[in-house]
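Spelled out from the first residue to the last, the chains are:
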Amino acid sequence: MIGIFDSGIGGLTTVKAVMKKLPGYDIVYFGDTARTPYGTKSCKTIINYSLENSKFLLENGAKIIIMACNTASSVATHKVESYFTDTPVFEVISPAVEKALEQSKKQQIGIIGTRGTIKSKVYEKMIKKLNPSTRIYSAPCPLLVPLVEEGWINRPETTTIIKKYLHPLKARQIDTLVLGCTHYPVLKDIIQQKIGKKIALIDSAEAVADKVVNYLNANPDLDKCMSKNGQTDFFVSDVTDQFKKTAKSIIKKDIELKHIEF
Ligand code: DGL
């Protein structure tokens, strides 16, 4: 099974990308809806939650772990990797960085994410390490997660907020923009419209799914161990009608959210 966790429901964008690129592979998802959001929490807390979430996925049959949450990927990857040394762990930052560097011709890259992700400067550090001459402009967009959670996708208020957040990045004439948060792929069309049609958008959900495909191709023994019955289990630490509604709007079908408590 492919194990995927997120701070909540937004990580279903990664589930969707994995389902598209690895059809038939069994998936176990954990959304930490009781403790969401992670974007405003301390590093220590995010690390503890990420370790608990990974343990849960492994106990439920995961053979690999995808940390769909950008905030968890930003601050907890090293700890998760060092605790679960026998399990391949995929974070969403490096696949997005690699794609952004491939795409950007002017080497002017914008990053948007939660406050936690932007504050960690993880994207900047990784991009600079791979290509020191790249100019990076980042902007936290804290209102976008609650807007997606509320289902305010096509509201004029959301468009106005996106325009305001993207304005400084547009002024810097970036040619590539990394959507550094689970929820932003849901707003892709509006983001594209406001940043400009010519700007390449990098979706970290798609990028990590591609990385997993390549990894499984390169590791056929592990691939053989992955169950492929087209089954997906969705576990969450809290269930509300709103979570159900948001889940349905992201994954575009009715799914059962199974409640678990740690
Ligand atoms: N999953 C988080 C991320 O990708 C967004 C929601 C949160 O702040 O927990 O950064």
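Q: Quick rundown of helix α2 (residues 43–59)? Include the residues and the values.
A: Helix length check: α2 (17 residues) gives 24 Å between terminal C-alpha atoms against 24 Å at 1.5 Å per residue, within 8%. For α2, the complete set of buried residues consists of Ile46, Ile47, Tyr49, Ser50, Leu51, Asn53, Ser54, Phe56 and Leu57. At its buried positions, α2 is contacted by β1 (2–6), β2 (27–31), β3 (64–67), α3 (70–83) and β9 (232–236). Among the residues trailing α2, Gly61 stands out with phi positive, at a value near 100 degrees.

Q: I'd like a rundown of the environment of Ile112, residues and numbers included.
A: Among the structural elements, Ile112 can be located in strand β5 (residues 108–113). Classification of Ile112 by relative accessible area gives buried; the value is 0%.

Q: Quick one: what's the story with the site of the ligand, residue by residue and with numbers?
A: Taken together, 14 residues lie near the ligand, and Asp6, Ser7, Tyr38, Gly39 and Thr71 sit nearest. Starting from 300 Å² of accessible surface for the ligand in isolation, the protein chains cover 98%. Split by residue class, the shell around the ligand holds five nonpolar, eight polar and one charged.

Q: Before we move on, can you summarise the nonpolar core with the specific residues and values?
A: With 45 residues, the main nonpolar core has Ile2, Ile4 and Leu12 as its most contacted residues. Here the element with the most residues in this core is helix α10 (residues 204–218); it accounts for six residues. In terms of nonpolar packing, the next biggest core, distinct from the first, is built from 24 residues, Val145, Ile190, Ile191 and Ile195 among them.

Q: Describe the sheet that holds β2, naming the residues involved and giving the relevant values.
A: In space, the six strands of this open sheet follow the order β4-β3-β1-β2-β9-β10, with parallel pairing throughout. The strands lining the two open edges of the sheet, one partner per strand, are β4 (89–91) and β10 (257–259). Across the sheet, the axes of successive neighbouring strands diverge by a mean angle of 25 degrees, strand direction being ignored. In this sheet, β2 lies alongside β1 in parallel orientation, the contact comprising five bridges.

Q: So what's going on with helix α12 (residues 241–251)? Residues and values would help.
A: For α12, every residue scored as buried is listed here: Phe243, Thr246, Ala247, Ile250 and Ile251. An end-on view of α12 places all buried positions within 115 degrees of arc, on one side of the element. Facing away from the buried side of α12, by more than 90 degrees, are the exposed residues Asp241 and Lys245. Of the surrounding elements, those touching the buried residues of α12 are α1 (12–21), α7 (144–149), β9 and β10. At the C-terminal side of α12, Lys252 shows a positive phi close to 60 degrees.

Q: For the packing of helix α8 (residues 156–171) against helix α9 (residues 188–195), give the residues involved together with the corresponding values.
A: For the pair α8 and α9, the least separation of the axes is 9 Å and the interaxial angle reads 45 degrees. It follows that α8 is oblique to α9 by the angle criterion. The chirality of how α8 crosses α9 is right-handed. For the pair formed by α8 and α9, the contact residues are Thr159, Ile162, Lys163, Leu166, Leu169 and Lys170 on the first element and Ile190, Ile191, Lys194 and Ile195 on the second. Split by residue class, the contact of α8 with α9 holds six nonpolar, one polar and three charged.

Q: Lay out the pattern of salt bridges in plain terms, naming residues and giving numbers.
A: Within the structure shown, the criterion is met by 14 salt bridges. Across the pair Glu52 and Arg35 runs a salt bridge whose closest N-O atoms are separated by 2.8 Å. Pair noted here: Glu52 is in helix α2 and Arg35 is in the loop between β2 and α2, with a separation of 17 residues, a long-range link. Between Asp233 and Lys258 there is a salt bridge whose closest N-O contact spans 2.9 Å. Taken as a pair, Asp233 in strand β9 and Lys258 in strand β10 lie far apart in primary sequence, 25 residues in all. On the basis of relative accessibility, which here comes to 14%, the residue Asp233 falls in the buried class. Linked through salt bridges whose partners overlap, the residues forming this network are Lys20, Lys21, Lys99, Glu206 and Asp210.

The rules behind each value
- Residues numbered from 1 in each chain as written.
- Predicted model: local features only at pLDDT ≥ 70, side-chain atom pairs only at ≥ 80, totals over all residues.
- Heavy atoms only, no water.
- Helix = DSSP H or I, 4+ residues; strand = E, 2+ residues; numbered from the N terminus.
- Expected span 1.5 Å × (residues − 1).
- Buried < 20%, exposed > 50% of the residue type's maximum accessible area, 1.4 Å probe, protein only.
- Contact = heavy atoms within 4.5 Å.
- Near = heavy atom within 4 Å.
- Areas by Shrake-Rupley, 256 points an atom, 1.4 Å probe, with all protein chains shown as cover.
- Nonpolar A, V, L, I, M, F, W, Y, C, P; charged D, E, K, R; others polar.
- Core = buried A, V, L, I, M, F, W, Y, C linked by side-chain atoms within 4.5 Å.
- Pairing = 2+ DSSP bridges.
- Axes fitted to C-alpha atoms, helices over the stretch in contact; angles between N-to-C directions.
- Arc of directions from axis to C-beta.
- Parallel < 35°, antiparallel > 145°, perpendicular 65-115°, else oblique.
- Left-handed = near helix turned anticlockwise from the far one by under 90°.
- Salt bridge = Lys/Arg side-chain N within 4 Å of Asp/Glu carboxyl O.

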